[in-house]
Amino acid sequence: MNVFQNIKNYNPDSKCILTIGTFDGVHIGHKRIIKKLVKLANKKKIESTILTFFPHPRMVLQKESNLKLIDTLEEKKNLLKILGVDNLIVHPFSEAFSRLTSLEFCRDFLVNQLQTDTLLIGYDHHFGHNREAKSKDLAAMGQTYNFDVHIIPAQDISSITVSSTKVRKAIESSNFMLVQKFLGRYFELTGIVTKGDGIGRTIDFPTANINVKESYKLIPLNGVYLVSVKCEDNLFKGMMNIGIRPTINGERRTLEVHIFNFNKDIYNQKLKILFIEKIRDEQKFESLDALKKQLEKDKEISKRSLIKKGLH
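Quick caveat: nothing in here was measured; it's all calculated off a predicted structure.

1. Section: the layout of surface pockets
Argument step 1. Considered as a void within the structure, the second largest pocket measures approximately 450 Å³ in volume.
Argument step 2. Along its surface, the second largest pocket is lined by 20 residues, and Glu74, Asn78, Thr190, Gly191 and Lys270 are the ones closest to its centre.
Argument step 3. Listed by contribution, the elements that provide at least two residues to the lining of the second largest pocket are α3 (73-82), β9 (187-194), β11 (223-231) and β14 (270-280).
Argument step 4. For the lining of the second largest pocket, the leading source of residues is α3, giving four residues.
Argument step 5. For the lining of the second largest pocket, the per-class residue count stands at six nonpolar, five polar and nine charged.

2. Brief notes about the pairing of strand β10 (residues 208-211)
Consecutive side chains along a regular strand alternate between the two faces of the sheet.
Argument step 1. Two strands pair when backbone bridges link them, and β9 and β10 are joined in this way by three bridges, in the antiparallel orientation. Directly across from Val193, in β10, lies its bridge partner Ile210.

3. Side note on the sheet that holds strand β3 (residues 47-54)
Argument step 1. Strand order in this open sheet of six strands is β1-β4-β3-β2-β5-β8, and the pairing throughout is parallel. Across the chains shown, the open sheet's two edge strands, defined by having one partner strand only, are β1 (2-4) and β8 (148-152). For this sheet, the mean inter-axis angle between neighbouring strands, taken without regard to orientation, is 20°.
Argument step 2. Relative to strand β4 (residues 87-92), β3 is paired through six bridges, and the arrangement is parallel. Each residue of the ladder has a partner; that of Thr49, found in β4, is Asn87.

4. Brief notes about the nonpolar core
Argument step 1. Ranked by size, the top nonpolar core spans 31 residues in total, and within it Ile210, Met240, Val257, Leu271, Ile273 and Phe275 carry the most contacts.
Argument step 2. Every element with two or more residues in this core is listed here: α8 (164-172), α9 (176-183), β9, β10, β11, β12 (234-243), β13 (254-259) and β14.
Argument step 3. The residues contacting Val257, other than those within four sequence positions of it, are Pro206, Thr207, Ala208, Ile210, Val227, Val229, Met239, Met240, Leu271 and Ile273.
Argument step 4. Membership of the second largest hydrophobic core comes to 23 residues, among which are Leu18, Cys106, Phe109 and Leu110.

5. Description of the pattern of salt bridges
Argument step 1. Applying the stated rule across the entire model yields 15 salt bridges.
Argument step 2. In this structure, the salt-bridge partner of Lys77 is Glu74, at a minimum N-O distance of 4.0 Å. Linking Lys77 with Glu74, this pair stays in helix α3, spanning three residues, or about one helical turn.
Argument step 3. The salt bridge involving Arg280 is made with Asp298; its shortest N-O contact spans 2.8 Å. With Arg280 in strand β14 and Asp298 in helix α11 (residues 288-308), the pair connects residues that are 18 residues apart, well separated along the chain.
Argument step 4. The class for Asp298 is buried, based on a relative accessible area of 1%.
Argument step 5. Here the residues in one salt-bridge network are Lys44, Asp117 and Asp148, joined through shared partners.

6. Quick notes on unusual backbone geometry
Argument step 1. Pro55 follows Phe54 through a cis peptide bond whose omega is 0°.
Argument step 2. By secondary structure assignment, the location of Pro55 is in the loop between β3 and α2 (57-61).
Argument step 3. Positioned with a positive phi, Gln115 is a non-glycine residue whose angle comes to about 50°.
Argument step 4. Tracing the sequence through the fold places Gln115 in the loop between α5 (102-113) and β5 (116-122).
Argument step 5. Look at Arg245: it is not a glycine, yet its phi comes out positive at around 55°.
Argument step 6. By the element assignment, Arg245 lies in the loop between β12 and β13.

7. Quick word on empty space enclosed by the protein
One way to see where empty space is left: roll a probe the size of a water molecule over the atoms.
Argument step 1. A full pass over the atoms with the stated rule returns two cavities of 30 Å³ or more.
Argument step 2. Considered as a void within the structure, the largest cavity measures approximately 370 Å³ in volume.
Argument step 3. Residue lining of the largest cavity: 23 residues in total, with Asn241, Arg245, Glu256, Leu291 and Leu295 positioned closest to the centre.
Argument step 4. Of all the secondary-structure elements, those providing two or more residues to the lining of the largest cavity are α10 (199-202), β12, β13 and α11.
Argument step 5. Residues belonging to the lining of the largest cavity are distributed by class as follows: 12 nonpolar, six polar and five charged.

Reading the values: rules and limits
Residues numbered from 1 in each chain as written. Predicted model: local features only at pLDDT ≥ 70, side-chain atom pairs only at ≥ 80, totals over all residues. Heavy atoms only, no water. 1 Å grid on protein atoms, 1.4 Å probe; cavity = no way out; pocket = protein on both sides within 12 Å on 5 of 7 lines; lining within 4 Å. Points joined across faces, edges and corners; volume = space filled by probe spheres on them. Helix = DSSP H or I, 4+ residues; strand = E, 2+ residues; numbered from the N terminus. Nonpolar A, V, L, I, M, F, W, Y, C, P; charged D, E, K, R; others polar. Pairing = 2+ DSSP bridges. Axes fitted to C-alpha atoms, helices over the stretch in contact; angles between N-to-C directions. Core = buried A, V, L, I, M, F, W, Y, C linked by side-chain atoms within 4.5 Å. Buried < 20%, exposed > 50% of the residue type's maximum accessible area, 1.4 Å probe, protein only. Contact = heavy atoms within 4.5 Å. Salt bridge = Lys/Arg side-chain N within 4 Å of Asp/Glu carboxyl O.

Printed below as a string of structure tokens:
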């Protein structure tokens, strides 16, 4: 998959089939649209292209917005690549860009820059300044500028009752079974292993401290989670603790993962954490020994859950 950091960097020598959206979470509704895009592109023997935006428009237009995203930009790129998309354009979203009229956007970008042969959009798609134009307006512009517009009807999308907002709420309520249903995959976060204070090792529960550099990434609530950990293309099971570690009077929120049956030096390596379920809330214990006993119980609960889910 080719990735372009700006619409103006995309200079095709042939026409494309295009869809537009933020695609936060790349959930099962998004996947249905993208699979149609790729299938149509293969049928017409031209390239499939996605136009998305970063930052998320709500982050720019709603200054007070504390919106957190389901996927980082890098995670989204990887997910779209797996779906077989030929080209991904990540255009910088700004207030100036948001002021383009629907006509300017259509003429200058869709037609002149992107050379759109066919545009694939949902029935509820809006575009242009103040979301002034709807999908039917785009269809009319397609007739004017000689490109096809395929509008995905309501029943094709609404039959999948999922949205990025619903996914966020499911993550925020720690309902990871629902999250997996919505995404068609596990919710993930990716980060680099950094040096910690080594307290976990003193109680026989060594942990890898994970640094997620993207401040806009949605992080689950404080607590202990059953997770899968992808390290060097190998998949392990483990437990992740998210929180301030009140037992040692911690103040800074940390993300630590204990990998089962694992004893390697993985400092500075990238780990991908896949969330399976929440084990319990974070709590304060009277001593490190009491914490160790609880962690042993958590590990047993985790292993029983893995067996029950057929993941052991």
